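Okay, here's what each chain looks like letter by letter:
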Amino acid sequence: VLAEDRERKKNLIWLEAEYMRAAATDERLNGHFDGLAAVAHRYGNGCRELSAVVAQDTMALHAGLAAARIRMSAEADSASATIFRFARETGAIIPVAVDLATPIVHVLDGWSVLLHPDVASAAIKLRVENLPVETGGVLLGLVDRVQRYLAIVALLPAPPDSQQWPTSFIRGSQGLLETVNGISRRTLGNVVYLGEWHSHPRGHDAAPSGTDWEAIALCGPFMESDGLPTLMLIVGEDRQLGFAFKPLGENRGISHQF
């Protein structure tokens, strides 16, 4: 059950992202979607149009739980995200309350980029730990092509075969595909690759360099083949963050620092 706060600073789009982030990382949700992928079937042509048969007793049980939670949520000012896990063998109901953060939101060419603050903190921390060399990795999250939003909920650090120098970084690939695919399976395909991230050396801000724009140009065709803009998160001096963004179907780039 996902419930917005009264001011809608954490709207349903973000709450779904937090739900899937928890499914990917929270040990309390281990096996949350296990078995569903094998029985789910598509009822349309959309990437998330999946359905599955649910037993009537299970449906009735969760309908009651949901109704009670909705009444409680309607009287609350704050947002909430609660997953009820049913252990059929024992009859136990285990509620899992997801910790919620307020997203860092930026609108780039009509796309809303929602950055989880823990991702921002992790990128800043990894930059400091790797100085004087640059570092980087990949961004993971949710995408909605209709609502035009990208929700960045996780990042992966540099694979062990990456090449790092004081003024440049080349991301490796060792073990990366297996990790990304594992997270995708754990979230039933909802958390996917969204783009790249990397750090800048000491004394440099988060503005994209010429080399960064070259990398954006190389990644562009692959992202556009999936109907996505090209996104890069950059970490600079003094905890500064920035995006290099190439709109879908266009050759121009957008630089945004914050």
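Our subject is the structure that appears above.
Everything quoted here is computed from the prediction, not taken from an experiment.

Focus: the overall build of the chain
Broken down by element type, the chain carries six helices and 15 strands. In terms of overall dimensions, the chain has a C-alpha envelope of 60 × 40 × 35 Å along the principal axes. Taken across its 258 residues, the chain has 40% of its residues classed as buried. Taking contacts inside the chain between residues at least 6 apart in sequence as the whole, the part at least 24 apart equals 62%. Put simply, the chain shows about 13,600 Å² of open surface, and 54% of that area lies on carbon and sulfur atoms. Of the charged side chains in the chain, 23 are positive and 30 negative, and the gap between their average positions amounts to 4 Å.

Structural notes on the sheet that holds strand 1 (residues 2–3)
Sheet architecture is open: three strands sit in the order 1-4-5, paired in antiparallel fashion. Either end of the sheet is taken by a strand with one partner, and the two such strands are strand 1 and strand 5 (92–97). In terms of strand pairing, strand 1 meets strand 4 (residues 80–87) through two bridges, oriented antiparallel. Paired with L2 across the two strands is A81, which belongs to strand 4. The strands that helix 3 (residues 56–74) touches are strand 1, strand 4 and strand 5; relative to strand 4, the one it contacts most, it runs at about 155°.

With respect to the pattern of salt bridges
Overall, the coordinates contain 13 salt bridges when judged by the stated rule. Shared partners join several salt bridges into a network, and the residues in it are D109, E250 and R252.

Remarks on the side chain of D212
Topologically, D212 is positioned in helix 6 (residues 210–224). Buried and unpaired, D212 has R127 as its nearest opposite-charge partner, separated by 11 Å. A distance of 3.0 Å separates a polar atom in the side chain of D212 from a polar atom in the side chain of H200. Aside from chain neighbours lying at most four places away, what touches D212 is H198, H200, A207, M232 and I234.

Points about the nonpolar core
Core analysis: the largest hydrophobic core is formed by 26 residues, its most contacted members being L140, L142, A151, L156 and V191. Breaking this core down by element, the ones donating at least two residues are helix 1 (12–25), strand 4, strand 8 (136–144), strand 9 (149–156) and helix 5 (176–186). Looking at this core, the element that brings in the most residues is helix 1, giving seven residues.

Quick notes on the packing of aromatic side chains
Applying the stated criterion across every chain yields a total of two aromatic pairs. Residues Y19 and F33 carry aromatic rings whose centres are separated by 6.4 Å and whose planes lie at 50° to one another, so their mutual orientation is tilted. One end of the pair, Y19, is in helix 1; the other, F33, is in the loop between helix 1 and helix 2 (36–39), and 14 residues separate them in sequence.

A few points about the sheet that holds strand 13 (residues 230–235)
Strand order in the open sheet made by the eight strands is 6-7-9-8-12-13-14-15, with mixed pairing throughout. In this open sheet, the two edge strands, each paired with only one partner strand, are strand 6 (104–108) and strand 15 (254–257). Taken over all neighbouring pairs, the strand axes of this sheet differ in orientation by 25° on average, direction set aside. Both strand 14 (residues 241–246) and strand 15 contribute to a ladder of four bridges, which runs antiparallel. Bridging from a neighbouring strand, G242 pairs with Q257 of strand 15.

So, helix 1
The end-to-end C-alpha separation of helix 1 is 20 Å, in line with the 20 Å expected for 14 residues at 1.5 Å each. Along helix 1, 10 of the 14 residues are buried, which leaves the element largely enclosed by surrounding structure. Regarding helix 1, the residues found buried are W14, L15, A17, E18, Y19, M20, R21, A22, A23 and A24.

Thoughts on the environment of W111
Within the element layout of this structure, W111 appears in strand 7 (residues 111–115). Take W111: its relative accessible area is 2%, and that puts it in the buried class. If sequence neighbours within four positions are ignored, W111 has contacts with H106, V143, D144, R145, R148, Y149, L150, G227, L228, P229 and F245.

What counts, and at which threshold
- Residues numbered from 1 in each chain as written.
- Predicted model: local features only at pLDDT ≥ 70, side-chain atom pairs only at ≥ 80, totals over all residues.
- Heavy atoms only, no water.
- Helix = DSSP H or I, 4+ residues; strand = E, 2+ residues; numbered from the N terminus.
- Buried < 20%, exposed > 50% of the residue type's maximum accessible area, 1.4 Å probe, protein only.
- Contact = heavy atoms within 4.5 Å.
- Areas by Shrake-Rupley, 256 points an atom, 1.4 Å probe, with all protein chains shown as cover.
- Lys, Arg positive; Asp, Glu negative; His and termini not counted.
- Charge placed at Lys NZ, Arg CZ, Asp CG, Glu CD.
- Pairing = 2+ DSSP bridges.
- Axes fitted to C-alpha atoms, helices over the stretch in contact; angles between N-to-C directions.
- Salt bridge = Lys/Arg side-chain N within 4 Å of Asp/Glu carboxyl O.
- Polar contact = N/O pair within 3.5 Å; in protein donor to acceptor, adjacent residues only side chain to side chain.
- Core = buried A, V, L, I, M, F, W, Y, C linked by side-chain atoms within 4.5 Å.
- Phe/Tyr/Trp six-rings, centres within 6.5 Å; stacked < 30°, edge-to-face > 60°.
- Expected span 1.5 Å × (residues − 1).

Geometric descriptors of this kind do not, in isolation, establish any biological role.
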